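# Geometric and topological summary
Okay, here's what each chain looks like letter by letter:
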Amino acid sequence: MRRRSLFLVGFLAITVRAGALDPIQKPLAGKIILLDPGHAVKNEAGAIINPGARARHGAYERDVALKVAAKIVPLLEAQGAKVYMTRTPDNPWRYARVKSADNRARAIMSNVLRAQAYVRIHCDWNRSRSFKGYTTYYYRWGSRELAKSIRQAFVQRLPTHRDNGIHRRSFVSVTSRMPAVLVELGLLSNRNEAKDLGSDAYQAILAQAVADGITNYFVQHS
Ligand SMILES: [Zn+2]
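In this report, the structure presented in the accompanying data block is examined. Given the structure is predicted, the values throughout are model-derived calculations rather than measurements.

### Concerning the packing of helix α2 (residues 61-78) against helix α6 (residues 200-221)
Direction vectors running N to C along α2 and α6 enclose 50 degrees, while the axes themselves pass 8 Å from each other. Here α2 is positioned oblique relative to α6, judged by the angle of their axes. Both α2 and α6 take part in a crossing whose hand is right-handed. Between α2 and α6, the contacting residues are Val-64, Lys-67, Val-68, Lys-71, Ile-72, Leu-75 and Leu-76 on the first element and Gln-203, Ala-204, Leu-206, Ala-207, Gln-208, Val-210, Ala-211 and Ile-214 on the second. A breakdown of the residues in the contact of α2 with α6 according to their chemical character gives 11 nonpolar, two polar and two charged.

Here it is in structure tokens:
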């Protein structure tokens, strides 16, 4: 009897270890991620209340953010994640009375979904047309490592673009309970960067950078 239970314990130990080392286990298996492509909010009367920035005669921030987010989805899914979006190419508008209520609703959505990461996608605009580059924001201390990981992936994937560093700002999200990061992909007010941001090929690189950053974060922190 004693020998038999020892045998069973040994067998279980081997089985558990084999599971842990399973080479087909994907790094984001079981993870829930919410992507929030910013802007595109209408009020009940159908007027746009949060349009976002626009390049001169060029791309709208809300479109760039949505296209990049849509490109991130299959990359994260390939790593095993379940990915939600606050709006999708088929359903690109959101409705709210005011901007602040909409921001709160997006954060509440991240909590309701029990997401393990909430990543907000935006493009910047600056009065100085020479200003360019990507910027990474977080607010709560528990979001800092995710911000660092996403920024690092941008540095690696976009070696010719300027890194404006990591900054702590409350606009990222006060309400969401999981690591939350907001990325400004680049400047729509800068002529060259606006051209890049509007291009499908550059959007694919940006998507890859965000996906790398999220994946590396979970590989290191779970
Ligand atoms: Zn924005």
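### Let's talk about the sheet that holds strand β6 (residues 117-124)
One open sheet accounts for six strands, arranged β4-β1-β6-β9-β7-β8; its pairing is mixed. Whereas interior strands pair on both sides, the edge strands pair on one side only; in this sheet they are β4 (82-85) and β8 (163-168). Strand after strand, the sheet turns through a mean of 20 degrees between neighbouring axes, direction not considered. In terms of strand pairing, strand β7 (residues 134-138) meets β8 through four bridges, oriented parallel. The residue of β8 that forms the bridge with Thr-136 is Ile-166. Sitting on the sheet, helix α5 (residues 191-198) touches β6 and β9 (180-187), and the angle it makes with β9 is about 120 degrees. Its contacts with the sheet put α6 on β1 (32-37), β6 and β9, and the angle it makes with β6 is roughly 150 degrees.

What counts and what doesn't
Residues numbered from 1 in each chain as written. Predicted model: local features only at pLDDT ≥ 70, side-chain atom pairs only at ≥ 80, totals over all residues. Axes fitted to C-alpha atoms, helices over the stretch in contact; angles between N-to-C directions. Helix = DSSP H or I, 4+ residues; strand = E, 2+ residues; numbered from the N terminus. Parallel < 35°, antiparallel > 145°, perpendicular 65-115°, else oblique. Left-handed = near helix turned anticlockwise from the far one by under 90°. Contact = placed C-beta atoms within 7 Å. Nonpolar A, V, L, I, M, F, W, Y, C, P; charged D, E, K, R; others polar. Pairing = 2+ DSSP bridges.

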